[in-house]
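Coordinate analysis (summary)
Here's the letter readout for the chains.
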Amino acid sequence: MNVYVSNIVMAALSFPLIAFVITIPYMVYQYRKFGSIPWLRTLVVYSFVFYLLCAYFLVLLPLPEDRTAIVPYAQTPQLVPFNFVHEFLAETSFSPSNPSTWLATLRDPYVYEAFFNVLLLVPLGMYLRYYFRRTWWQTLIIGFLVTLSFETTQLTGLWGLYEHPYRLFDVDDLMMNTLGAMVGFWMVGPAMRVLPDFRLVNEEAREAGMRASVTKRALSFLLDLLIAGFLGMLVGFGLAAAGLSGQETISVWTDRAVLLLCFVVVPVVTHGQTLGQKLLRLRIVRSDASRAHWYQFLARYGLLYLMIWAPFAALSGVVGLDPSTSGEMGAIVNFAAHNQTLLVWAWVVLMAAWGVSLLVRAVRSWRLKRPFVMLNGLISNTRIMTVAGVERERERRCVLDVADVAALERLIADDGTPLAELMERAGTAVADTVRLHVPDPAPVVVLAGAGNNGGDGWVAARALAEQDYPVTLITSDLAERIKAEPARSTALDVFADTAERDLPLRVLIAPDADVLIDAIDGAEAVVDAILGTGFAGDEVRPPYAAWIRAANRRRFEGSRGKGRGRHRKRALERGRHERGERRSAPMRAKDAPFTVAVDVPSGLSAQTGAAARPCLAADMTVTMLAYKPGLVATETNRWTGMVTLARLVDTKPYLAALGDELEDD
Ligand SMILES: NC(=O)C1=CN([C@@H]2O[C@H](COP(=O)(O)OP(=O)(O)OC[C@H]3O[C@@H](n4cnc5c(N)ncnc54)[C@H](O)[C@@H]3O)[C@@H](O)[C@H]2O)[C@@H](O)CC1
Ligand SMILES: [K+]
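Note that this is a predicted model, so its numbers are computed, not measured. Here the residue numbering is sequential within each chain, running from 1 through the sequence in written order. By the order in which they are written, chains take letters starting at A while ligands take numbers starting at 1. Two thresholds apply to this predicted model, a pLDDT of at least 70 for residue-level local features and 80 or more for giving and counting side-chain atom pairs, whereas whole-chain, interface and lining totals are computed over all residues. To get the side-chain values, take all heavy atoms of the structure and skip hydrogens and water.

1. A closer look at the UniProt feature "binding site: K(+)" (unreviewed entry) in the protein chain
UniProt positions are given in the numbering used here, feature names are shortened, and annotations may be inferred rather than shown by experiment. Per the UniProt record, "binding site: K(+)" (unreviewed entry) is found at Asn 453, Asp 528 and Ser 602. The greatest C-alpha distance among the residues just named is 9.5 Å, despite their covering 150 residues of sequence, which places them together in space. By definition, residues are in contact when any of their heavy atoms lie within 4.5 Å. Look past the residues within four positions of Asn 453 in its chain and what remains in contact with it is Asp 528, Ala 529, Ile 530, Leu 531, Gly 532, Val 598 and Asp 599. Numbering of helices and strands starts at the N terminus; helices are DSSP runs of H or I of at least 4 residues and strands are runs of E of at least 2. Position of Ser 602 relative to the elements: it lies in the loop between β7 (594–598) and β8 (620–624). The buried label applies to any residue whose accessible area, calculated with a 1.4 Å probe on protein chains only, is under 20% of its type's maximum; exposed applies above 50%, and partly exposed to all values in between. For Ser 602, a relative accessible area of 0% corresponds to the buried category. In contact with Ser 602, other than residues within four places in its own chain, are Asp 528, Ile 530, Leu 531, Ile 548, Pro 614, Cys 615 and Leu 616. For Ser 602, the side chain forms a polar contact with the side chain of Asp 528, separated by 2.4 Å. Polar contacts here mean pairs of N or O atoms no more than 3.5 Å apart (in protein, one a potential hydrogen donor and the other a potential acceptor; neighbouring residues in sequence count only if both atoms are side-chain atoms).

2. Comments concerning the side chain of Thr 623
Checked against the element boundaries, Thr 623 lands in strand β8. Residue classification places Thr 623 among the buried residues on the basis of a relative accessible area of 0%. Within the structure, Thr 623 has its side chain in polar contact with the backbone oxygen of Asp 599 (distance 2.8 Å). Contacts of Thr 623, omitting those with residues within four sequence positions, involve Asp 599, Lys 628, Leu 631, Val 643, Thr 644, Leu 645 and Ala 646.

3. Brief notes about the site of ligand 1
The near set for a molecule or strand comprises every residue that places at least one heavy atom within 4 Å of it. Surrounding ligand 1, one finds 20 residues, the nearest of these being Asn 452, Asn 453, Asp 456, Gly 532 and Asp 599. One nitrogen or oxygen atom from the side chain of Asp 456 is found 2.3 Å from an oxygen atom belonging to ligand 1. Taking Ala 536, its main chain carries an N or O atom lying 3.0 Å from a nitrogen atom of ligand 1. Taking 860 Å² as the accessible area of ligand 1 by itself, protein coverage stands at 83%. The set of elements that each furnish at least two residues to the shell around ligand 1 consists of α20 (419–437) and α21 (452–466). Polar here means any residue outside two lists: the nonpolar Ala, Val, Leu, Ile, Met, Phe, Trp, Tyr, Cys and Pro, and the charged Asp, Glu, Lys and Arg; Gly therefore counts as polar. Of the residues belonging to the shell around ligand 1, the class tally is nine nonpolar, six polar and five charged. Per-residue accessibility takes into account occlusion by the displayed protein chains alone, with areas from the Shrake-Rupley method and a 1.4 Å probe.

4. Examining the coordination of the potassium ion (ligand 2)
Expected angles at a metal are 109.5 degrees for tetrahedral coordination by four donors and either 90 or 180 degrees for octahedral coordination by six donors. The protein atoms that coordinate the potassium ion (ligand 2) are Asn 453 (OD1), Asp 528 (O), Leu 531 (O), Val 598 (O) and Val 600 (O), at distances spanning 2.6 to 3.0 Å. Read in sequence order, the donor residues coordinating the potassium ion (ligand 2) give the pattern N-x74-D-x2-L-x66-V-x1-V. Pair noted here: Asp 528 is in strand β6 (residues 525–529) and Val 598 is in strand β7, with a separation of 70 residues, a long-range link. Accessibility classification places Asp 528 together with Val 598 in one group, the buried group. Here a donor is any nitrogen, oxygen or sulfur atom (N, O, S) within 2.8 Å of the metal, with 3.2 Å used for Na, K and Ca; water is not among the atoms considered, so some sites may look incomplete.

5. A few points about the UniProt feature "binding site: (6S)-NADPHX" (unreviewed entry) in the protein chain
Here the UniProt feature "binding site: (6S)-NADPHX" (unreviewed entry) sits at Asn 452, Asn 453, Gly 454, Gly 455, Asp 456, Tyr 544 and Asp 599. Inspection of the secondary structure assignment puts Asn 453 in helix α21. Summarising the element assignment, Gly 455 is placed in helix α21. The buried category is assigned to Gly 455, whose relative accessible area is 0%. Every residue in contact with Gly 455, bar those within four places of it in the chain, is listed here: Met 423, Ala 487 and Thr 490.

6. Considering the pairing of strand β5 (residues 505–509)
We call two strands paired when DSSP finds no fewer than two bridges between them. Where strand β4 (residues 471–475) lies against β5, five bridges are found, and the strand directions are parallel. When the bridges of β5 are listed, Thr 472 appears paired with Arg 506. A clockwise course of the path from the first strand over the helix to the second, judged with the strands pointing away from the viewer, identifies a crossover as right-handed. On the question of chirality, the crossover connecting β4 to the parallel β5 by way of helix α22 (residues 487–501) is right-handed.

This is the structure:
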């Protein structure tokens, strides 16, 4: 037992070293993949590394004293399965009918070693299922391979480091370890219902990763400095080889040339990325997300260099002053030389104030979730954004009026991508968004209006049903009575498909309030495909108003559970559930379903951003083809939630054609 404990202590002692070595690669990997690093993942990953360390130490330590040591019991591999059972039965006085032998059994090495062998890989099975999302047979294979790696390391005396095996290769260990991985796999199953789902954690990390956080920028800067330092070293060797190493001025200027290369030349070549930024998917752009010029990179990093270098140069100037060599500047030099302590203190205070102001701005930007802009960024009019953030910012700045979106659709259709195909892609994009946020099949309600926005909803409903999500589609009328095209033909198509392929999609036509509320109460996701760009007015007409209220009530008040339908219905009729319409934004209920608006939240004018009564509040809006003015207007994000763009096609050529067309007008 003591050996076990001392091995774990060893692991705990060596863990900080390993953590130190893996931290920067880990951060780079996470930033590249997800854009931000949730603490939960860090906890899981580092605990996993610690666990592996413990497991390997337990298997491999203690090491024999010298390389040639022969540990007698380890020389012949034990290849008889279940040998430990035979040995145990042969050597013990265990009797099932005699309870007094039970305790002794537990203390028997054969028993507790078997038990520890199972226990050893229980965590592995847990991690494999919970974090790595492996299936049972993958866990079985990985568990077996890990234990095989333990046993072969033992058999080969740490891969030849020792001349003879110093631990026993035992088939029973293989079996018990693998069993342990499977036990862990099964054990973690029930816990996964309460543990956070990492697919959602990843999704949130991706959303948060749109921001160029201070840590991410600091890390990229650190990487750049490391790269520049490395290059500087190479240049230093070069200079030494050329016999120029002693020359102070040359090395100062070569250092500056290296910095110029890393922070100005490289960004010019890569259109705004230093190597560190390239690694972390960051980019230097102008404050409006457009491409920055070479002189802006020079200004940005030149200023930073001055801000860092100048104070130190000034300090060393003051400290190095010699009053006897004072020439023309005599008086000043004399003053500085005689008040050195005072000047150095003034310098310290100034630098401390600068440091504090940096800190205050960093904390402020973190609290307010605003980007942290440094002084050199302000002066050079440059910002560091994530590559994804630049993309989004550019999309947001390319706003099309609703009429232009219609014209764009026509252009695309004329070019051979019919509207029905666009609708298919739009609905699929919405279904994909739902699947990202509700990864396992769960009830979904699709609220579909009678226009083409509703058509997108029908497509999304089918796409989700195809992935085994039980979908309830709520529509105001029979599919054949829909007037808009291609919504009508699409809805008929989906309807026929559902019956033919027996998809889990039920269609409710103009359901009464109770049925509607029950459906929404039981949903994990709600798709709002009621009204899109075709909506106009200050009031949403029935029945859609009631649908929007029901969705908002569920969002802000949570579920009331089953069996209280009449109460809910009355409350709904009295219109008490219009909190979403008030000025102050109410809190989203904890258990509210994920609500995604198709193109624009129903009730919100895509053109003006004005919210009608009522207006649906969404967690996310997937807008089609281009941003509309209403989506980027201030104060509308309480209705839209996060807005993402589904391009549907490569719109660039069409946008250019549209621009020409508009200019001709
Ligand atoms: N046109 C196309 O080819 C495509 C359209 N798409 C979708 O189609 C949408 C635009 O479709 P539509 O032009 O058919 O319009 P919408 O579906 O947005 O809205 C039209 C419907 O809203 C109703 N409506 C209007 N004002 C109302 C009010 N005050 N109260 C209650 N109901 C009201 C109308 O009676 C009509 O049934 C877009 O938002 C987008 O989601 C996408 O599928 C991409 C392709
Ligand atoms: K909508």
